[in-house]
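An overview of the molecular structure
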Amino acid sequence: GISHVLTLVLQELSLLCKRDVNGVGMLYDLLRSRWLQALLKIYECLQNYLGKRPVPVTLQARALTREVVELLREAPQSGEIKELRRLLRAPHLKAALLSAHDTVAQKDFEPTLPPLPDNIPENEEAMRIVCLVKNNQPLGATIKRHEITGDITVARVIHGGLADRSGLLYAGDKLVEVNGVPVEGLEPEQVINIL
């Protein structure tokens, strides 16, 4: 992997260091530094993990748990079976853990949007429905009121921000609705509070 390539580069650089080529000594020291070696090892571990990404055994853990509870009901009632049934029926396990597992296993992260109607007139303005899931991070875009139309528009998309990384918002886009709330007639500050 990368460690092997780095070893080969260091061997080549050590030959150049002996010839005293400009800047090679500094580059050699940099590539030999402990922090870079550690960083490369972490990078290789992450690449290995991504290559061997674990896959869920089942997509329906909640349904499987219900089946197991039913089977345990018919089994001879020992202390262990009673304890297992009690654990599998616990609300925090069923509602939180297994539900989260099934969501991740099915990769069902995005909200579902209603289908577009079939009867849109050809001369209708094009409209995009944009869904950005934002946690505590800022949107990465500024908004303003258009001087002539009074519409709320995206003034600027900040490089590297959520809006930029998504590729869904552009400077000049008109905002019609945010989180289901129409923005017509609102001040930019009010729209920011909704965002």
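Residues numbered from 1 in each chain as written. Predicted model: local features only at pLDDT ≥ 70, side-chain atom pairs only at ≥ 80, totals over all residues. Heavy atoms only, no water.

**Let's talk about helix H5 (residues 79-89)**
- For H5, the set of buried residues is Ile81, Arg85 and Leu88. Seen end-on, H5 carries its buried residues on one side only, within an arc spanning 70°. Turned more than 90 degrees away from the buried face of H5, the exposed residues are Gly79 and Glu80. (Buried < 20%, exposed > 50% of the residue type's maximum accessible area, 1.4 Å probe, protein only. Helix = DSSP H or I, 4+ residues; strand = E, 2+ residues; numbered from the N terminus. Arc of directions from axis to C-beta.)

**Quick word on unusual backbone geometry**
- Residues other than glycine seldom take positive phi values, yet Asn179 does so here, at roughly 50°.
- In this fold, Asn179 is placed in the loop between strand E3 (177-178) and strand E4 (181-182).

**Re the side chain of Asp173**
- By the secondary structure assignment, Asp173 is in the loop between helix H7 (162-166) and E3.
- In terms of polar contacts, Asp173 uses its side chain to reach the backbone amide nitrogen of Tyr170, at 2.9 Å. (Polar contact = N/O pair within 3.5 Å; in protein donor to acceptor, adjacent residues only side chain to side chain.)

**Some details on a positive patch on the surface**
- The grouping of Arg62, Arg66, Arg89 and Lys94 at the surface amounts to a positive patch.
- Residue placement: Arg66 occurs in helix H4 (residues 61-74).
- Of the residues examined, Arg66 reaches a relative accessible area of 52% and is grouped as exposed. (Patch = residues over 30% accessible without salt bridge, like charges linked within 9 Å, V, L, I, M, F, W, Y side chains within 5 Å. Areas by Shrake-Rupley, 256 points an atom, 1.4 Å probe, with all protein chains shown as cover. Salt bridge = Lys/Arg side-chain N within 4 Å of Asp/Glu carboxyl O. Lys, Arg positive; Asp, Glu negative; His and termini not counted. Charge placed at Lys NZ, Arg CZ, Asp CG, Glu CD.)

**What about H4?**
- Compared with an ideal rise of 1.5 Å per residue, which puts 14 residues at 20 Å, H4 spans 20 Å between its outermost C-alpha atoms and is within 8% of the ideal.
- Every buried residue of H4 is accounted for by Ala61, Thr65, Val69 and Leu72. Mapping the buried residues of H4 onto a view down its axis gives an arc of 80°, with all of them on the same face. Exposed and facing more than 90 degrees away from the buried side of H4 are Arg66, Leu71 and Glu74. (Expected span 1.5 Å × (residues − 1).)

Remember that the coordinates give geometry; whether it matters functionally is a separate question.
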